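# Understanding the architecture of this molecule
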Amino acid sequence: MFYLGIDVSKAKLDCSLLLDPQYSKRKSKSVANSATGIADLLTWLSKQGAYPGDVHAVMEGTGVYHELAAFGLHDAGVTVSIANPAQVRDFGRGLAIRTKTDGIDSLVLARYAAMLQPAAWSPPPAEARQLQALLSRRDAIAQDLQRERNRLEKAEIADTPELVHASIQTSIAFLEQQLQTLQRQIDDHIDHHPGLKQDLQLLQTIPAIGPQTGRLLLAVMHCKSFASAEQLAAYLGLVPVERQSGTSLLGRAKLSKAGPARVRAVLYMAAIVATKYNPHVKALYERLLQRGKSKMSALGASMRKLVHLCFGVLKTRQAYQSDYLTA
């Protein structure tokens, strides 16, 4: 097996093909981050005797810039892994590598692949990717709309020309129309895909999981594969991180916050509702408060419990049951 580390940037892919994992012997190649560049990379790999079925490529998840390479290499038959940047950075420190260049970063990724054998990545279904894109666009439009409303509020207080007022109001009307259109497209998209529709219905049987939270979790759970509820909670940044060492360091455990902040923010609001109306979450929340936990700590646990319930209904294909076991 050949191990290929790929440092991704907007314009190019810096690649290191590991020839000897023990001594870091490698061959390097830089190609454009484009379909042509990926074709050039595959040709170069073949010249090195590294054919697609014998190559394990690792790259970091860098926004959207890694997606073209990930899909292209996967379609060509290469085993692809998407690594967590923080884990790769810690791995590099463990190797006592202090220099940071694109070439060195690609070498660290190649050695990361060789030593840790990260799990292979599989592309999410097309309908899940489209749902995620629609939800991201809806969030962007909603944020723009709120900014324009804030500007209108300031304009009404200040001595603002009427032309500026009219411009802001026109922009607000346009964004409101766009938001309604996108929401309709999201609903239609879910309705036209039975798997998405059924899963959303299951999620919404859980008290406190409304349409907005349900759609966000639906996109997450269909775009990534999770073997357990614990993995899902960890991805969303809901696992507690302890800070204790000897007698000098005794910090309060905090959520890792390592996942998508937008989903976590929506889950926070859902958890507040769940502490009042969801039997399992309410029992957990009250039990933790009785033990002396802070409200924020109990809410963090409630968010995690809510995610576990969401994973459970999709895993078992059964609607939420308020009398199932105990919290």
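Residues numbered from 1 in each chain as written. Predicted model: local features only at pLDDT ≥ 70, side-chain atom pairs only at ≥ 80, totals over all residues. Heavy atoms only, no water.

## Looking at the packing of aromatic side chains
Worth spelling out the cut-off: In summary, the pairing rule links any two rings of Phe, Tyr or Trp, Trp by its six-membered ring, whose centres are within 6.5 Å, and it sorts them by plane angle into stacked for under 30 degrees, edge-to-face for over 60 and tilted for everything else. The helix count covers DSSP runs of H or I at least four residues long, the strand count covers runs of E at least two residues long, and both are numbered beginning at the N terminus. Only protein chains enter the area calculation, which uses a 1.4 Å probe; residues under 20% of their type maximum are buried, those over 50% are exposed, and those in between are partly exposed.
Per the stated rule, a full pass over the model turns up three aromatic pairs. Arranged with centres 5.3 Å apart and planes meeting at 85 degrees, the rings of Phe71 and Trp121 form a pair that is edge-to-face. With Phe71 in helix H2 (residues 67–76) and Trp121 in the loop between helix H4 (102–116) and helix H5 (126–157), the pair connects residues that are 50 residues apart, well separated along the chain. With 5.4 Å between their ring centres and 90 degrees between their planes, Phe91 and Tyr112 make a pair best called edge-to-face. Separated by 21 residues along the polypeptide, Phe91 in helix H3 (residues 85–94) and Tyr112 in helix H4 bring together distant segments of the chain. When sorted by exposure, Phe91 lands in the same class as Tyr112, which is buried.

## A word on the environment of Leu109
Our working definition: Residues count as neighbours in contact if any of their non-hydrogen atoms are within 4.5 Å of one another.
With respect to the secondary-structure elements, Leu109 resides in helix H4. By relative accessible area, Leu109 is classed as buried at 1%. Each C-alpha atom, one on Leu109 and one on Leu152, is 49 Å from the other, the two residues being 43 residues apart in sequence. Among residues more than four places away in sequence, those in contact with Leu109 are Gly5, Ile6, Asp7, Val58, Met59, Glu60 and Val88.

## Comments concerning the pairing of strand S2 (residues 12–20)
The condition is simple: Pairing between strands requires that DSSP locate at least two bridges from one strand to the other.
Two elements, strand S1 (residues 2–8) and S2, share six bridges in a ladder whose sense is antiparallel. Across the sheet, the residue bridging to Tyr3 is Leu18, located in S2. Turn length for the S1-S2 hairpin, with the two strands adjacent in sequence and antiparallel, is three residues. For S2 and strand S3 (residues 25–32), the ladder comprises eight bridges, and the chain directions are antiparallel. Bridge pairing links Asp20 to Lys25 in S3.

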